[in-house]
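# Examination of the molecular architecture
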Amino acid sequence: RLSGRVSVEDIPSGHKHLTSIMEAMTEGHEIRIEYQKYTSSKADTYTLRPYAVKEYAKRWYIVAYCIEREGLRVYGLDRIHKLEMTDSTFDMPRDFDVDSLFATSFGIYLPTNAAETITFKASATEAKYLRDLPVHSSQQEISSDENSVTFSIFVCPDKNLIMEFCKYGSLIEVLSPKNVREAVADELKKATSIYHP
């Protein structure tokens, strides 16, 4: 009865491979994939122990132990050309939790360095949106006045985070640390130079 009245965002990568991966996770089977990065001219073959799936920015990802690369890796489902379940089985690590794994990450990158406190200031109006939809789960409000609110998050800075800050344009200002502030400023300068060479 609500046809045409409920709209949700489409996730294109969810239509292919997700069911097969979930089946492999349930049954504890390794999978073999042909995977091609956007930056690569050819596909590589990997054998994975599928630990978890994670959705981020309208894309599905698999978090898996890669046999060939001997460690945890993240692969985008939309870059998998071929997937097959193998006869090999594996045991899940007892203490694995995908949310804990990404607790200090932003987006889909696995943490590669120590997390740090990042502070940023938002306009009073934008702060209302950020209170309802935080930049990161660690977000805290640390001070405010009639014109702005200052927040902090505790994450490992990466390219995804820099681009997230850039998304807000002049509505927020990264205050610290200096390297993150400068990285955001550099990206915004590059964008400005396209429109005002």
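Just above, that's the structure.
Residue numbers run consecutively from 1 along every chain, following the written order of its sequence. Only residues with pLDDT of at least 70 get local features here, since the model is predicted, and only at 80 or more are side-chain atom pairs given and counted; chain-wide, interface and lining totals rely on the full set of residues. Side-chain calculation: all heavy atoms of the structure are included, whereas hydrogens and water are not.

## Remarks on the sheet that holds strand β8 (residues 148-155)
Selection rule: DSSP bridges decide pairing: two strands pair if at least two such bridges lie between them. Starting at the N terminus, helices and strands are each numbered in turn, a helix being any DSSP run of H or I of at least four residues and a strand any DSSP run of E of at least two. Fitting a line to C-alpha atoms yields each axis, with helices limited to the stretch in contact; the angle taken between N-to-C directions then spans 0 to 180 degrees. In what follows, a contact means two residues having at least one pair of non-hydrogen atoms within 4.5 Å.
Across the sheet, four strands lie side by side as β7-β8-β6-β9; this open sheet has antiparallel pairing. Bordering the open sheet on either side are β7 (140-144) and β9 (172-176), each of which pairs with just one other strand. Each strand axis lies, on average, 30 degrees off the axis of its neighbour in the sheet, ignoring direction. Of the pairings in the sheet, the one linking β7 to β8 comprises four bridges and is antiparallel in character. Bridge pairing links S144 to V149 in β8. On top of the sheet, helix α5 (residues 178-195) reaches β6 (116-123) and β9; it is set at about 145 degrees to β9, its chief contact.

## Section: the sheet that holds strand β5 (residues 80-89)
Here we have five strands laid out as an open sheet, ordered β4-β3-β2-β1-β5, and antiparallel in their pairing. Strands at the two margins of the open sheet, each flanked by one partner only, are β4 (71-76) and β5. Recorded for the sheet is a direction-independent mean angle of 45 degrees between the axes of neighbouring strands. Most of the contacts of helix α1 (residues 18-27) go to strand β2 (residues 44-56), to which it runs at about 95 degrees, and overall it touches β1 (29-35), β2, β3 (59-66) and β5.

## Observations concerning the nonpolar core
One broad trend across soluble globular proteins is that nonpolar side chains are buried collectively. We apply this condition: Buried Ala, Val, Leu, Ile, Met, Phe, Trp, Tyr and Cys residues that are joined via side-chain atoms within 4.5 Å together make up what is termed a nonpolar core. Buried, partly exposed and exposed residues are distinguished by accessible area as a fraction of the type maximum, computed with a 1.4 Å probe on protein chains only: under 20%, between the cut-offs, and over 50%, respectively.
Formed by 20 residues in total, the largest nonpolar core has its most connected members in I118, F120, L130, V135, I153, L161 and F165. Taken together, the elements giving at least two residues each to this core come down to β6, α3 (124-132), β8, α4 (159-167), β9 and α5. Contacts of F165, omitting those with residues within four sequence positions, involve I118, F120, I153, I172, V174, V180 and V184. Core analysis: the second largest hydrophobic core is formed by 16 residues, L18, I33, L48 and A64 among them.

Worth remembering: the numbers are spatial, not functional.
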